[in-house]
Amino acid sequence: MVAFLVRRAVAGILTLYVIATLCFVMTRVAPGSPFTTEKTHPEIIRAYEAYYGLDKPVLVQYGRTMWNYLRGDLGPSMFYRDKTCNDFVWSGLERSLILGALSAFLAFLLGIPLGILASAWQNRWPDHAAMSVSIVGICVPNFLMGPLLILLFTFVLGWLPSAQWPENTSWNELRKLVMPAITLAMVHVAYISRLARAGMLDVIHKDFIRTARAKGLPEWTVFLKHGFKNGVTPVVSYAGPMVAVLVTGSLVVEKVFAIPGLGQHFVTSATNRDMNLIMACVLVYSVLVILFNTLVDAAYAFIDPRVRVS
Amino acid sequence: MNAVVIRLFPLGRLALPILVLLHSAGCDSKPSSASKGETAALPAAGAAAFDPLAYARQLLAEAGYPKGKDFPKLEILYNTDEGHKKIAAAIQQMWRQNLGIDVELRNSEWKVYLDDMSQLRYQVMRRGWIGDYRDPNTFIEVMTSASGNNNTGWANADYDRLVKEAGAEPDRRKRLELFRQAEEILMRELPVMPIYFYVSSCAWKDSVKGVYPNIQDIHPLNEAYVEGKDTLVINNAAEIQTLDPALARGVPEHRVNLCVFEGLTNYDPKTLDPRPGVAERWEISPDGTKYTFHLRDCAWSDGKKVTANDFVYAWRRVLNPATPTDYAHQLYYIKGAEAYNTKKTDDPSTIGVRAKDDRTLEVELENPCAFFLDLCAFYTYYPVRQDVIDKHGTNWTREQNFVCNGPFKLKEWRAAESIMLEKNPAYWNAERVKQKYVKFLPIDNRSTAWNLYLEGACDWVTTLPLDQIEDIIKRPDYRGDTYLGTYYYSFNVTKGPLMDRRIRKALVLAIDREIVVSKITRQGQKPAYHFTPPIFPEYKSPRFDVRD
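Residues numbered from 1 in each chain as written. Chains lettered and ligands numbered in written order. Predicted model: local features only at pLDDT ≥ 70, side-chain atom pairs only at ≥ 80, totals over all residues. Heavy atoms only, no water.

## A few points about the overall build of chain B
Per the secondary structure count, chain B includes 17 helices and 19 strands. Relative to the 2.2 N^0.38 estimate, which gives 24 Å for 548 residues, the radius of gyration of chain B is 25 Å and therefore close to what a compact globule would have. In terms of principal-axis extent, the alpha carbons of chain B reach across some 75 × 55 × 40 Å. Expressed as a percentage of its 548 residues, the buried residues of chain B come to 59%. Of all intrachain contacts in chain B linking residues separated by at least 6 positions in sequence, the fraction that spans at least 24 positions is 69%. When the accessible surface of chain B is summed, it comes to about 21500 Å², and 49% of that surface belongs to carbon and sulfur atoms. (Helix = DSSP H or I, 4+ residues; strand = E, 2+ residues; numbered from the N terminus. Rg over C-alpha atoms; globule rule 2.2 N^0.38 Å. Buried < 20%, exposed > 50% of the residue type's maximum accessible area, 1.4 Å probe, protein only. Contact = heavy atoms within 4.5 Å. Areas by Shrake-Rupley, 256 points an atom, 1.4 Å probe, with all protein chains shown as cover.)

## A closer look at empty space enclosed by the protein
Residue and element names in this part refer to chain B. Taken as a whole and assessed by the stated rule, the structure comprises 8 cavities of 30 Å³ or more. Quantified by volume, the largest cavity comes out at close to 90 Å³. Cys202, Asp217, Ile218, His219, Leu221, Ile234, Arg255, Phe440, Trp460 and Thr462 together form the lining of the largest cavity. Looking at the lining of the largest cavity residue by residue, the class counts come to 6 nonpolar, 2 polar and 2 charged. Size it by volume and the second largest cavity reaches roughly 70 Å³. In terms of lining residues, the second largest cavity is bounded by 13 residues, among which Leu258, Phe261, Glu262, Asn266 and Tyr382 are the most central. With 3 residues, strand E8 (residues 265-267) is the largest single contributor of residues to the lining of the second largest cavity. For the lining of the second largest cavity, the per-class residue count stands at 8 nonpolar, 4 polar and 1 charged. (1 Å grid on protein atoms, 1.4 Å probe; cavity = no way out; pocket = protein on both sides within 12 Å on 5 of 7 lines; lining within 4 Å. Points joined across faces, edges and corners; volume = space filled by probe spheres on them. Nonpolar A, V, L, I, M, F, W, Y, C, P; charged D, E, K, R; others polar.)

## Section: the interface of chain B and chain A
Taken together, the contact between chain B and chain A spans 46 residues of the former and 45 residues of the latter. A buried area of about 4000 Å², summed over both sides, lies between chain B and chain A, and 48% of it is on carbon and sulfur atoms. The largest share of the area that chain B buries against chain A comes from Lys111(B), Gln241(B) and Pro324(B), three residues that together contribute 17% of it. Seen at the junction of chain B and chain A, the total is 5 salt bridges. Between Lys439(B) and Glu167(A) there is a salt bridge, and its shortest N-O distance comes to 2.7 Å. The interface formed by chain B and chain A holds 21 residue pairs in polar contact (both at pLDDT 80 or more) in total. (Buried area = accessible area lost by both parts, 1.4 Å probe. Salt bridge = Lys/Arg side-chain N within 4 Å of Asp/Glu carboxyl O. Polar contact = N/O pair within 3.5 Å; in protein donor to acceptor, adjacent residues only side chain to side chain.)

## Digging into the packing of helix H9 (residues 207-214) of chain A against helix H10 (residues 219-231) of chain A
Residues and elements named next belong to chain A. For the pair H9 and H10, the least separation of the axes is 10 Å and the interaxial angle reads 160°. When the axis of H9 is compared with that of H10, the two are roughly antiparallel. Taken as a pair, H9 and H10 cross one another with a handedness that is right-handed. In this structure, H9 uses Phe208, Ile209, Ala212 and Arg213 to contact H10, whose residues at the interface are Glu219, Val222, Phe223, His226, Gly227 and Asn230. Within the contact of H9 with H10, the residues separate by chemical class into 5 nonpolar, 3 polar and 2 charged. (Axes fitted to C-alpha atoms, helices over the stretch in contact; angles between N-to-C directions. Parallel < 35°, antiparallel > 145°, perpendicular 65-115°, else oblique. Left-handed = near helix turned anticlockwise from the far one by under 90°.)

## What about the pattern of salt bridges?
Two side chains that carry opposite charge are able to pair once their charged atoms sit near each other. Overall, the coordinates contain 47 salt bridges over all chains when judged by the stated rule. When the shortest N-O distance is used, the salt bridge between Glu417(B) and Arg95(A) registers 2.3 Å. Taken together, the residues span two chains, with Glu417(B) in the loop between strand E14 (408-414) and strand E15 (418-423) and Arg95(A) in helix H4 (residues 85-120). Here the two residues Glu417(B) and Arg95(A) agree in accessibility, since each one is buried. One salt bridge connects Glu173(A) with Lys176(A), and the closest N-O pair in it is separated by 2.8 Å. When its relative accessible area of 11% is taken as the criterion, Lys176(A) is described as buried. Several salt bridges share partner residues, and in doing so they unite Arg95(A), Glu412(B), Arg414(B) and Glu417(B) into one network.

## Here's the deal with the packing of aromatic side chains
Applying the stated criterion to the full structure yields 40 aromatic pairs over all chains. Here Tyr529(B) and Phe544(B) contribute two aromatic rings whose centre-to-centre distance is 6.0 Å and whose plane-to-plane angle is 45°, an arrangement assigned as tilted. Of this pair, Tyr529(B) sits in the segment after strand E19 (526-527) while Phe544(B) sits in the segment after E19, and the two are 15 residues apart along the sequence. In this pair, the class of Tyr529(B) matches that of Phe544(B), namely buried. Ring pairing ties together the aromatic residues Trp282(B), Tyr291(B), Phe293(B), Phe311(B), Trp315(B), Phe372(B) and Tyr381(B), which thus form one cluster. Taking NZ or CZ as reference, Lys83(A) lies 3.9 Å from the ring centre of Trp413(B), over its face. Above the ring of Tyr453(B), the side-chain terminus of Lys205(B) is found at 4.3 Å from the ring centroid. (Phe/Tyr/Trp six-rings, centres within 6.5 Å; stacked < 30°, edge-to-face > 60°. Lys NZ or Arg CZ within 6 Å of the ring centre and 35° of its normal.)

## Let's talk about the confidence of the model for chain A
Residues at a pLDDT of 70 or more form 99% of chain A, whose mean pLDDT is 89. Mean pLDDT across the elements of chain A bottoms out in H10(A) (80) and peaks in helix H3 (residues 58-70) of chain A (94). (pLDDT = per-residue confidence, 0-100.)

## What to know about the sheet that holds strand E13 (residues 360-364) of chain B
All names here are of chain B. Overall, antiparallel pairing links the 4 strands, which are arranged E10-E11-E13-E12 in an open sheet. The outermost strands of the open sheet, each flanked by one partner alone, are strand E10 (279-284) and strand E12 (353-357). Recorded for the sheet is a direction-independent mean angle of 20° between the axes of neighbouring strands. The pairing of E12 with E13 spans 4 bridges and is classified as antiparallel. Opposite Arg354, over in E13, you have Glu362 as the bridge partner. (Pairing = 2+ DSSP bridges.)

## Observations regarding unusual backbone geometry
Notably, Arg273(A) is not glycine yet its phi reads approximately 60°, a positive angle. Along the polypeptide, Arg273(A) turns up in the loop between helix H13 (263-272) and helix H14 (275-303). A relative accessible area of 11% places Arg273(A) in the buried class. Located in the positive-phi region is Asn151(B), a residue other than glycine, with phi close to 50°.

## Some words on helix H6 (residues 142-156) of chain A
For H6(A), built from 15 residues, the straight-helix expectation of 21 Å at 1.5 Å per residue is met to within 8% by its first-to-last C-alpha distance of 19 Å. For H6(A), the full list of buried residues reads Met145(A), Gly146(A), Leu149(A), Ile150(A), Phe153(A) and Thr154(A). Looking at the buried residues of H6(A), the elements they touch are helix H8 (178-204) and helix H12 (251-257) of chain A together with helix H14 (446-455) of chain B. Positioned one or two residues after H6(A), Gly158(A) has a phi angle of 70°, which is positive. (Expected span 1.5 Å × (residues − 1).)

## Considering the layout of surface pockets
For the second largest pocket, the calculated volume is near 1300 Å³. Along the walls of the second largest pocket sit 43 residues, with Glu141(B), Ala146(B), His329(B), Tyr332(B) and Glu338(B) positioned nearest its centre. Looking at the lining of the second largest pocket, the elements with two or more residues in it are helix H2 (42-51) of chain A together with helix H6 (137-140), helix H7 (157-168), helix H8 (172-189) and helix H11 (337-341) of chain B. The element contributing the most residues to the lining of the second largest pocket is H7(B), with 5 residues.

## Re the nonpolar core
Residue and element names in this part refer to chain B. With 80 residues, the main nonpolar core has Phe293, Trp315, Leu361 and Phe372 as its most contacted residues. Residue contacts for Trp315: discarding those within four places in its chain leaves Leu264, Leu331, Ile334, Val353, Leu361, Val363, Phe372, Thr380, Tyr381 and Tyr382. Val163, Ile215, Ile503 and Phe544 belong to the second-largest nonpolar core, a separate cluster that totals 71 residues. (Core = buried A, V, L, I, M, F, W, Y, C linked by side-chain atoms within 4.5 Å.)

## A few points about the side chain of Asp477(B)
All names here are of chain B. Topologically, Asp477 is positioned in the loop between helix H15 (469-472) and strand E18 (478-491). Looking at Asp477, the relative accessible area reads 8%, which means it is buried. A polar side-chain atom of Asp477 sits 2.8 Å from a polar atom in the side chain of Tyr453.

## Side note on the side chain of Asn235(B)
Residue and element names in this part refer to chain B. In this fold, Asn235 is placed in strand E7 (residues 231-235). For Asn235, a relative accessible area of 0% translates into the label buried. A polar contact of 3.0 Å, which involves the side chain of Asn235, links it to the backbone nitrogen of Ile443. With residues near it in sequence (within four places) discarded, Asn235 still touches Leu441, Pro442, Ile443, Ala449, Cys458, Trp460, Val461, Thr462 and Thr463.

Next up, the structure:
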């Protein structure tokens, strides 16, 4: 296990280095400058470039950027003049982590039971009902889901505030997270329930399940003890990238619910040509993807002894 | 309108989309274009009424393209946005219908669009200009050949000369006459195609007091307050790029800066006329080039006195060529400022601003400047503290370091979430500041902000959702007003048929601006028949829709 983790760590760092380099090249090659506006003169842009070291040879810029990353410094934002990339990335990541964890939890909480339910009553009405929910989750995009929820819960029922991040931990404030979490989770609820259903259906026709039934075990034990552990493996492999996506935030959900998360910076930094912030976002996202994939691979070993971490 | 529509858009395959568009917008009920607008086109004395469309066709024929025959394909460039797209499509249709010219649309992402603009990689492109102060110069100056914002390739020596003379002219009426002559040249040459004049549109609750709609949409909050609440919540619609007044360049930054700093003068919230700010009084030399400001006894938020040297330092800092700022040119009215900023000298003492003593500031201008006191209220002219900036560098605007002299001070700035200001007890006029806290939100999604406003979580929204605009403008808390800005298109006059002035004029005349404002923008914008918005007292712009 330790050897596995070390190997993955080394591979991860190499991957990050390649990503950082590619990203560096792309930010320098992309047309447009972080400093242009409708009112900016060329001499002023030169002053900006000198200020941010962009007048130096590209290799020097590259060396500096990499050296700063090693020191944990993501560099100054080139668009938000008073802030550093660390300011945006860490506070955004914190919010996105909280919201993402909540939605991931919701996705498992709803998705797995729905899937099991559907497989237990395959092709009967609970199956159809569960799979209809899942189809809705897949089909309704979150830029529609969010406003629909707001319309219902804020303006028709008056139960929930329409947007913003909670100011404190009272229920009154925390309930602001309900709609964004549901919006983020819905599509994953859908996928997870379908994966769980397919996984379970695959398993319950296996010999060892027949053996369990033949032993006279109650049906729920067969299903949840013997079937579940094996049937749920496809969900686990889906969970890694899903959690990485959820915790790095979603532009749409952040825009609709005014969530100060990381997702919006992916897009706004690119449209602003804020080179440092683009790179910071991509790197943080890459770290998370690598991390969660490693965790998932390690988790396989626990769930399924046939899988060896090698 | 019926007749006009039919004439402009004879039924045909190509006309269909716009007819559908017009029909769905309910065009039949609108009054005829001749009955509204500022004034109808002025007919030449004794001549028949001016028909812009017939004249446009005539000019096009004179230029060698009768009915648009063999006219090379034109391309319109706009930055990606639904609103711009609709207008570009309308112009495309109008040129095709009215002149027989084929037009292609090209949209590009904002930064690429800006690159194409500055490199003149376009034929026709969408533009917009928002004035910085209340004087025609802020518009006329844009089209001088030395201006970095011209971006059309158009240069006219007479125009440049008139603008320069106007800058040096102390007499207001003569000065405006020089501007009029310059704009007349611009409207004859037409490197630009004015479409409409902007309106500001925002909404604030009736419980918000002490705020008034005005032409620059500038709202000092010195005396503003919201009834029954400690915190006035304003959606600023963007995360501000900076709190440093020397580096600021946009409207969201302006809103916050206006709360935390004060210049020599400040704005009257109703009229925007300059009032005494840090300077309690001033003297102006008879030739209008020397100002002596007498500073009041007032303090920074940390208790230190505001001195004349704070202004000297702040202005030199803005003009220092090493300071990366877009707005140094706002200070070019000061003697020696441009020379220092453009590295013609490296001695900052050559700039015409001196502290005679702690409470007396002497400013010398290049030329008399009619709006210098207005400028003194503008953020680029705000004082800043040298010791604070020297000590903290770019971190000086963080809440623990920030020192300011305005009615509010910085309590907390959460990146991309909110900026919380609290009343600054050290402000000289603090007893008139009624609001305890002001909170700025950076929400750029217009619908989200509008939801919060409807819900009561926000007292003031500075942008409105365009898909609901027709209902919103009927609300009593909708605050729309004429705005100091022009939406226009520019022509690249350096190549192709657009080098020909007659062709540009034909293109400019072949657009029905009434349709653009009544069917597409729909917020009470005024159609533009000249470049400078019609809001400067005593200044009347010459129009382009006349016979040459």
